[in-house]
Amino acid sequence: ESEQRTQQQQQQQQQQQQQQQQEPQWDPATQTYKDGIVPAHESMSLSLEELLSLNHGKLKIFGYGSLCWHPGSKGVLSLANIAEDEHDHERKDNAVAKRKVTTDPGRAIGYQRCWAQRSADHRGTTEFNGIVCTLLSDEEVWRFHHPRNGDDCGEDMEEMEKMLMQSMRPSMTEGLIYTVDEDLVEHCLAELDFREKGGYARDVIDVIEDETGNIVKALLYRGTPDNPAFWKRVYLDLRLAAAIMAVAIGPSGHNDVYLLNLDKFLSHAAKHSPAVALALEDHAEDDRTGELAKMVKMLQNDYRPIFLFGAGSNEHNQLLLSGHNDECSAVYTSNGKHDVKFTGGYGAKVVDELVEILLVVPRETDGGDAASANGNLEPMSLHAGGGHSAMLTRGGDLYLWGWNQSGQLGRLSNIGSSTSSSTYLNPVQPLSDIKVAFADLGHNHTLVIEKGTGKLFGFGENGRGQVNGCASGESCTNFHMPTVPLGLSDETFVHVAAGLFHSAAITADGLLVTWGCGRFGQCLQPDEDQEVNDSKTSSVGRWKTPDGSKLVQVVCGRRHTAILDDLGRVWCLGDNKYGQLGRSVSSPNAAREPKLVAGPLGESHSGCIAIMSGWSHILALVKAKCSTKITLYGWGRNDKGQLGKKFDGRFVATPRVIDLPFHNDGFQSVSIQSACCGSESSHLLDTNGRIWSCGWNEHGNLGVGHHKEHGCVNEECCWKWKAVT
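Rules of the game
- Per-chain numbering applies: the sequence of each chain, read as written, is numbered from 1 onward.
- Local features are withheld for residues below a pLDDT of 70 in this predicted model, meaning they are given only at 70 or higher, and side-chain atom pairs are given and counted only at 80 or more; totals for whole chains, interfaces and linings count all residues.
- Excluding hydrogens and water, the side-chain values take into account all heavy atoms of the structure.
- By definition here, a salt bridge exists when the distance from a side-chain nitrogen of Lys or Arg to a carboxyl oxygen of Asp or Glu is within 4 Å.
- We count a stretch as a helix when DSSP gives it H or I for four or more residues in a row; a strand needs E for two or more, and each element gets its number in order from the N terminus.
- Burial classes: relative accessible area under 20% of the type maximum marks a residue as buried, over 50% as exposed, and values in between as partly exposed (1.4 Å probe, protein chains only).
- Between any two strands, pairing holds if DSSP finds at least two bridges.
- Here, axes are lines fitted to C-alpha atoms. For helices the fit covers the stretch in contact, and angles between N-to-C directions go from 0 to 180 degrees.
- A patch consists of residues whose relative accessible area exceeds 30% and which take part in no salt bridge; residues with like charges are grouped when within 9 Å of each other, and nonpolar side chains (Val, Leu, Ile, Met, Phe, Trp, Tyr) when within 5 Å.
- Computed by Shrake-Rupley with a 1.4 Å probe, the accessible areas treat only the displayed protein chains as cover when residues are assessed.
- Any two of the Phe, Tyr and Trp rings considered here, Trp counted by its six-membered ring, make a pair once their centres fall within 6.5 Å; the pair's planes then place it as stacked at under 30 degrees, edge-to-face at over 60, or tilted in between.
- Whether a charge lies above a ring is judged from NZ of Lys or CZ of Arg, which has to be within 6 Å of the ring centre and within 35 degrees of the ring normal.
- For every residue, the predictor reports its confidence as pLDDT, a number between 0 and 100.
- Any two residues whose heavy atoms approach within 4.5 Å are treated as being in contact.
- In protein, a polar contact means a hydrogen-donor-capable atom and an acceptor-capable atom, both N or O and within 3.5 Å, with residues adjacent in sequence counting only if both atoms are side-chain atoms; elsewhere, any N or O pair within 3.5 Å suffices.
- Throughout, nonpolar core names a set of buried Ala, Val, Leu, Ile, Met, Phe, Trp, Tyr and Cys residues whose side chains join them through atoms within 4.5 Å.

A. Quick look at the pattern of salt bridges. One pass over the structure, following the stated rule, counts 23 salt bridges. A salt bridge links K58 to D181, with the shortest nitrogen-to-oxygen separation between them at 3.6 Å. Taken together, the positions of K58 in the loop between α2 (48–54) and β3 (59–63) and D181 in the loop between β7 (172–180) and α7 (185–195) put the pair 123 residues apart, joining distant regions of the chain. Residue E139 is joined to R143 by a salt bridge in which the shortest nitrogen-to-oxygen separation is 3.7 Å. Of this pair, E139 and R143 both sit in helix α5 (residues 138–145), four residues apart, which is roughly one turn of the helix. The partly exposed category is assigned to E139, whose relative accessible area is 43%. The class of R143 is partly exposed, set by a relative accessible area of 28%.

B. Structural view of the sheet that holds strand β23 (residues 512–516). The strand order across the open sheet built from four strands is β21-β22-β23-β24, with neighbouring strands paired in antiparallel fashion. Only two strands of the sheet have a single neighbouring strand rather than two, namely β21 (493–498) and β24 (541–543). The sheet shows a mean angle of 20° between the axes of neighbouring strands, taken without regard to direction. Judged from the five bridges that link them, β21 and strand β22 (residues 502–507) form a sheet pairing that is antiparallel. From the neighbouring strand, H495 faces β22, where its bridge partner is I506.

C. Region of interest: the environment of C718. Within the secondary structure layout, C718 lies in strand β36 (residues 717–723). With relative accessibility at 2%, the residue C718 sits in the buried group. Linking C718 and C694, residues 24 residues apart in sequence, is a C-alpha distance of 5.3 Å.

D. Examining a nonpolar patch on the surface more closely. A cluster of nonpolar residues, F309, L354 and I691, forms a patch on the protein surface that exposes about 260 Å² of accessible area. Here F309 lies in strand β12 (residues 303–313). Judged by its relative accessible area of 53%, F309 falls in the exposed class.

E. The arrangement of the packing of aromatic side chains in detail. Summed over the entire model, instances satisfying the criterion amount to five aromatic pairs. Ring centres 5.1 Å apart and planes at 80° place the aromatic pair W26 and Y33 in the edge-to-face group. With relative accessibility at 24%, the residue W26 sits in the partly exposed group. Between W115 and Y258 the ring centres are 5.8 Å apart and the planes differ by 90°, which places this aromatic pair in the edge-to-face class. Taken together, the residues W115 in strand β5 (residues 111–119) and Y258 in helix α10 (residues 255–272) connect sequence positions 143 residues apart. Judged by relative accessible area, Y258 falls into the buried class, the value being 5%. When the ring centre of W231 is taken as origin, the NZ or CZ atom of R118, which lies over that ring, is 3.8 Å away. The ring centre of F520 lies 3.9 Å from the NZ or CZ of R559, which sits over that ring.

F. Geometry of the confidence of the model for the protein chain. Residues at a pLDDT of 70 or more form 81% of the protein chain, whose mean pLDDT is 85. Every residue in residues 87–97 scores below 50 in pLDDT, and together they form 20 contacts with partners more than four places removed in sequence or on other chains. Here residues 414–419 is modelled with pLDDT under 50, and outside its nearest four sequence neighbours on either side it reaches four contacts, counting other chains as well.

G. View of helix α9 (residues 238–247). With respect to burial, α9 is a largely interior element, nine of its 10 residues being buried. Of all the positions in α9, only L238, R239, L240, A241, A242, A243, I244, M245 and A246 are classed as buried. Between the side-chain oxygen of the N-cap and the backbone nitrogen of R239 there are 3.2 Å, and the N-cap of α9 in question is D237.

H. Representation of the nonpolar core within the structure. With 69 residues, the main nonpolar core has L59, F62, L77, W115, Y178, V180 and L292 as its most contacted residues. Top element by residues in this core is α9. It accounts for eight residues. Apart from residues no more than four positions distant in its own chain, W115 is found in contact with I131, V132, C133, V234, Y235, M245, Y258, L259, L262, T289 and L292. By size, the runner-up hydrophobic cluster in this structure holds 36 residues, among which are V570, L619, A620 and L621.

I. Summary view of the sheet that holds strand β34 (residues 681–686). Strand order in the open sheet formed by four strands is β33-β34-β35-β36, with antiparallel pairing between adjacent strands. Each of the sheet's edge strands pairs with one partner strand only, and the pair in question is β33 (672–677) and β36. If you compare each strand with its neighbour and ignore which way they point, the axes differ by 10° on average. One ladder, built from four bridges, connects strand β35 (residues 691–696) with β36; its direction is antiparallel. Each bridged residue has a counterpart across the sheet, and for S693 the counterpart in β36 is K722.

J. Here's a closer look at the environment of R464. With respect to the secondary-structure elements, R464 resides in the loop between β19 (456–460) and β20 (479–483). Placed 37 residues apart in sequence, R464 and F501 show a C-alpha to C-alpha distance of 6.3 Å.

K. Here's a closer look at unusual backbone geometry. Positive phi, normally seen in glycine, also occurs at D433, with a value near 70°. Within the fold, D433 resides in the loop between β16 (398–402) and β17 (436–441).

Next comes the structure, spelled out in structure tokens:
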């Protein structure tokens, strides 16, 4: 009896293991279902046995993606001959009878072709997913675009939605119906389960045959909006979808081949079948297939897609999540129809986690293959201003987008014609006539240093002379085109910084030059001996260190300026209300001449290699001799967690070492390679490529999501480093 009980227990365990092995399990590493075991949709109206019985033992399969043009070179479905069966939509029954797998053109009733499925195993990789299509029911599409909130869940609302959907004409999506002989069914299903393991599941739908008008039941593999590989963003953002398909490559080949062949199939079907032509004309989702094909060709021939990530405010389209580059505006598809927007992604005004950003640039400006080989197209730096953004390439092309009310993009608003065929790709043109070596974005103005010449240019808001160097109070108009500040046309520069209302730069001789608003001491006293130009008084001031050391970097805050010299010393001038000058606040509030910060960073050979500034706080990177490890220093305002830790009081008056975030194990801090500051936030990049943020998060600019967790007093501030998500 004991042996029998043991055997029974072992049998039960084996049965449980077998059941677990047969249950679909999603593998995040491969982004597929394990062992090719795919689920069945809850909405599946018939069991597989019932479907086979209905079709006299034969298996009917509806293909709407690659099965429309390529059933594969191996396997059961490769026995079909698409060209002979229906490519010209004329049946040749004598040929069909000889084969065990045949195809017929048909349309899925009540389903729409949607480009929203990630492909990590066929048309892309786990590192860079491709995109393939799926079928969504009309009801699923409706739910997708009309999500319910807590007040919309009543029976009356459900009944109203049901009546509305019933009154709508069902969608028709063109594809191919495969009919597989009974003796090949089991083998065919095993092959399809493995082939469609990237998020697809079995379903049974009604399909109408194009030639006969008969309605048949067919098996279908599709991914719904709740499947692990569904990509909501690309479904709503055709530009991003097209850009991905233009470049993605997977084990099954180039992603664009999948799209372009399917578009060719649909165009051919429409020409040879009036019913198909009518269905395609009525159904906008297959219009999208054609649109995507057009955009992919343009992105491969005329434009170049660049993939970025960003978070925070998109009020002025500074994250490129809206339809035009100069101002946040409506989103349009190529046929002029409104595209759909969704919260937290395409068209959103605020994004609190990193999302994909697509920058499209003209291919004609990239210098061709030679420029690409030399690395001139490689992005060198990204820049964020108050409402505008920029990317600088190694070749010197500066691309600006976002807010342009004051001309901070260096061009007039709404550049280009709305009737251009490229309008819905929204390409960004590089700054005209200037190759840029270095750039910095202020709140509403931009400063650049020209590549090769070292000349300095500015454009944008000029109300306090922060662009052209005129004295505050004079008639200082905004500049939409690059201009040289007063008295600086004969000088060359190596570094530049743009603040809220003032500007600063370092000359090739290592001198500091400032101009713009100096109300709080953030600018030097204007030179007394400089010439008056066009009846305008210059606000430009110059300064060199008392001991003759060269200055190498400058940063601007809201009301202060900080400078780094070649001895590793940090100098500051301006407002000291929050200790941002790095010395006691008991000293005069406004220092109109640079002075050294207190502590080791004010001493020679401190090891300081870079400084960064927010509105009222400063970070510094320090590297000791014979060491690759970087230590982080910080000082200034900290009432929103800008320094990554809660200290006594609202600010830190003198530079101090800032604790770095810990690895996941919680025992060792990360090693960092760079840092930057937002207005009231700080950000680190560690040596593993991970980004960390702290500080003010009202607009989601930390990229960590809006979650009340330990270390965050509320959703708007975070006093500890958090990893960007």
